[in-house]
Amino acid sequence: MRTFSLLKGLPVFELKTGNKAGDICDLSISGTGKVKGLLLRKGALLKKTYIINIEDVASFGWDGVMIEDSSVLQAMPKQDDYTCETHNRLTGKMIMSQEGERLGLLEDVYFKEELGTIVGYELSDGFFSDVLEGKRVIKTDDPPAIGKDAIIVNVK
């Protein structure tokens, strides 16, 4: 299990050549709450964003992500899916339970690397609450309902 915050900024390397393909900058998340791919920033001066499907990742390490070769990189299409921090941003969105309880604001997601399944959400109630009580993590097996104003989850 991995969080987005641990992946962000990790380098992506090609197994065949050992070349660095770029750095992870975000996650692509479907409307059903599944991680579809990793967004990769590549380039020195003018950085371009690419997507790597989660199935095309050879391995997730603590110091880097490995892909077979750069042929798995796809140009960034028009983004209809959600991301953690860029387009259709989920971070900072209100999380509500199906019972109507306000749970907090989304800070991070926990997901299974191999499957791309989101299994938990790290929530914040604000800076002072986080310092005094810490951030909360809620776990869920069911996919969320992602809307414009809130994310609805079934809390165990």
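### Observations regarding the UniProt feature "domain: PRC-barrel" (unreviewed entry) in the chain
Thought 1: Per the UniProt record, the feature "domain: PRC-barrel" (unreviewed entry) sits at residues 4–68 and 88–155.
Thought 2: As annotated, residues 4–68 has a helix share of 6% and a strand share of 54%, and its two end C-alpha atoms lie 22 Å apart.

### What about the nonpolar core?
Thought 1: Of all hydrophobic cores here, the largest spans 35 residues; its most connected members are Leu7, Leu27, Leu38 and Val65.
Thought 2: Each of domain 1 (2–80) and domain 2 (93–152) gives at least three residues to this core.
Thought 3: When residues no more than four places from it in sequence are discounted, the contact partners of Val65 are Leu7, Leu10, Pro11, Val12, Phe13, Ile24, Leu38, Val57, Ser59 and Phe60.

### Here we look at the pattern of salt bridges
Thought 1: Considering all chains together, one arrives at 5 salt bridges under this definition.
Thought 2: We note a salt bridge from Glu85 to Lys8, for which the minimum N-O separation is 2.6 Å. Pair noted here: Glu85 is in the loop between strand 9 (82–83) and strand 10 (94–97) and Lys8 is in the loop between helix 1 (4–7) and strand 2 (11–14), with a separation of 77 residues, a long-range link.
Thought 3: Using a relative accessible area of 29% as the deciding quantity, one classes Glu85 as partly exposed.

### Quick look at the domain arrangement of the chain
Thought 1: Domain assignment breaks the chain into domain 1 (2–80) and domain 2 (93–152).
Thought 2: Facing 15 residues of domain 1, the contacting portion of domain 2 comprises 12 residues.
Thought 3: Where domain 1 meets domain 2, there are 1 salt bridge.
Thought 4: Measuring nitrogen to oxygen at the nearest pair gives 3.1 Å for the salt bridge that ties Glu113 to Arg2.
Thought 5: Elements that contribute at least two residues to the side of domain 1 that touches domain 2 include exactly strand 1 (2–3), helix 1 and strand 3 (20–29).
Thought 6: Broken down by class, the residue content of the side of domain 1 that touches domain 2 amounts to 7 nonpolar, 6 polar and 2 charged.

### Digging into the packing of aromatic side chains
Here a ring pair, both rings aromatic, is described through the centre-centre distance and the interplanar angle of the planes.
Thought 1: If you walk through the whole model with that rule in mind, you get 0 aromatic pairs.
Thought 2: It is Arg2 that lies over the ring of Trp62; its NZ or CZ is 4.2 Å from the centre.
Thought 3: Taking NZ or CZ as reference, Lys42 lies 5.7 Å from the ring centre of Tyr50, over its face.

### Details of the environment of Leu46
Thought 1: Relative to the helices and strands, Leu46 is located in the loop between strand 4 (35–42) and strand 5 (48–53).
Thought 2: Judged by its relative accessible area of 76%, Leu46 is exposed.
Thought 3: Each C-alpha atom, one on Leu46 and one on Thr91, is 26 Å from the other, the two residues being 45 residues apart in sequence.

### With respect to the state of the cysteines
Thought 1: For the structure on display, the rule yields 0 disulfides.
Thought 2: Of all cysteine sulfurs, the one in Cys84 lies closest to Cys25, which takes part in no disulfide; the gap is 11 Å.

### Quick look at the pairing of strand 3
Thought 1: For strand 3, a buried count of 8 out of 10 residues is recorded, marking the element as mostly surrounded by other parts of the structure.
Thought 2: Relative to strand 3, strand 2 runs antiparallel, the two being bridged by 3 bridges. Its bridge partner lying in strand 3, Val12 is registered against Gly22.
Thought 3: Connecting the antiparallel pair strand 2 and strand 3 is a turn made up of 5 residues, with Gly18 showing a positive phi of about 80 degrees.
Thought 4: One ladder, built from 6 bridges, connects strand 3 with strand 4; its direction is antiparallel. Among the inter-strand pairings, Ile24 is bridged to a residue of strand 4, identified as Leu40.
Thought 5: Where strand 3 and strand 9 come together, 2 bridges link them in antiparallel fashion. Paired with Ile29 across the bridge in strand 9 is Tyr82.

Reading the values: rules and limits
Residues numbered from 1 in each chain as written. Predicted model: local features only at pLDDT ≥ 70, side-chain atom pairs only at ≥ 80, totals over all residues. Heavy atoms only, no water. UniProt positions renumbered as here; feature names shortened; annotations may be inferred. Helix = DSSP H or I, 4+ residues; strand = E, 2+ residues; numbered from the N terminus. Core = buried A, V, L, I, M, F, W, Y, C linked by side-chain atoms within 4.5 Å. Buried < 20%, exposed > 50% of the residue type's maximum accessible area, 1.4 Å probe, protein only. Domains from an automatic or database assignment. Contact = heavy atoms within 4.5 Å. Salt bridge = Lys/Arg side-chain N within 4 Å of Asp/Glu carboxyl O. Nonpolar A, V, L, I, M, F, W, Y, C, P; charged D, E, K, R; others polar. Phe/Tyr/Trp six-rings, centres within 6.5 Å; stacked < 30°, edge-to-face > 60°. Lys NZ or Arg CZ within 6 Å of the ring centre and 35° of its normal. Disulfide = S-S within 2.5 Å. Pairing = 2+ DSSP bridges.

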